[in-house]
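The chain contents come next:
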Amino acid sequence: MRRLLLLLCSCALLPLSLLAADAPNDKDVIQYREDVMKTLDEQSAALGQMASGVVPSDTMAADMQILALTASTALKAFTPKVAGGQAKPDVWSNWADFSKKMTDFAQTTAQGAKAAQQSSDAAMTSLVDIANGCKGCHDMYREEKKGQASQ
Ligand code: HEC
């Protein structure tokens, strides 16, 4: 019961415009998948900092889990067939390949999260595979530029 109340309270904090929206428009769909990608980017940057020793690596296992969890949501963000942003139309015309790449990528990050629980050395090895997963997909499915400053 207390949980339900908490849930209701936190919903009350949502902007009314969000609650009123019945279906996301194309801009929202693109914004959402780009936000998921940005989270992947930030998380891998944080892990890279740990791997290179510029920040302590004691939260590596947790950070790997956040990366893996985000990766597990990424395919869903591309399910609506909305071209735009930096996504090439091939995402949807080659859906079988794209979704396999994303599923494989999610698996690689899940293995990385497991490895990080064993040792940070093992986690570092999987960071290389993870970075290859980003690049392997971007090379095929992401436009170089979208005419606005992004990374
Ligand atoms: C299976 C494919 C795939 C994988 C794996 C993938 N991405 Fe992406 N990424 C995309 C596509 C497609 C876009 C373009 C999305 C858009 O603009 O609508 C994108 C966009 C981005 C963007 C730009 C977001 C913006 O604000 O426009 C960043 C940053 C990014 N990816 C980082 C990463 C990182 C880091 C990884 C790995 C840790 C990764 N991506 C893994 C397909 C992928």
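The structure we're discussing is the one just above.
Novice: Looking at this structure, I do not really get the packing of aromatic side chains. What am I missing?
Specialist: How two aromatic rings sit relative to each other is set out by the distance from centre to centre and by the angle between their planes. The final tally for this structure, using the stated rule, is three aromatic pairs. Centre to centre, the rings of F98 and Y141 are 5.1 Å apart; their planes meet at 85°, and the pair counts as edge-to-face. Here F98, found in helix α6 (residues 95-118), pairs with Y141, found in helix α7 (residues 120-141); they are 43 residues apart in sequence, far enough to count as distant. On the basis of relative accessible area, Y141 is assigned to the buried category, the value being 3%. Three or more aromatic residues joined by ring pairs form one cluster here, namely F78, W95, F98 and Y141.

Novice: Just checking my understanding: could you explain α7 for this structure?
Specialist: Think of an α-helix as turning once every 3.6 residues; residues three or four places apart then point the same way. In a regular helix each residue adds 1.5 Å, so 22 residues correspond to 32 Å; α7 covers 31 Å between its end C-alpha atoms and thus fits that length. Listing the buried residues of α7 in full gives A123, S126, L127, I130, C137 and Y141. Buried residues belonging to α7 abut α3 (26-51), α4 (60-78), α5 (90-93) and α6.

Novice: It is not clear to me how the pattern of salt bridges should be interpreted in this structure. Could you clarify?
Specialist: Two side chains with opposite charge may pair up if their charged atoms get near one another. One pass over the full model with this rule turns up four salt bridges. In this structure, K100 engages D104 in a salt bridge whose closest nitrogen and oxygen atoms are separated by 2.7 Å. Residue K100 and its partner D104 are both found in helix α6; the two are separated by four residues, about one turn of the helix.

Conventions used here
Residues numbered from 1 in each chain as written. Predicted model: local features only at pLDDT ≥ 70, side-chain atom pairs only at ≥ 80, totals over all residues. Heavy atoms only, no water. Phe/Tyr/Trp six-rings, centres within 6.5 Å; stacked < 30°, edge-to-face > 60°. Helix = DSSP H or I, 4+ residues; strand = E, 2+ residues; numbered from the N terminus. Buried < 20%, exposed > 50% of the residue type's maximum accessible area, 1.4 Å probe, protein only. Expected span 1.5 Å × (residues − 1). Contact = heavy atoms within 4.5 Å. Salt bridge = Lys/Arg side-chain N within 4 Å of Asp/Glu carboxyl O.

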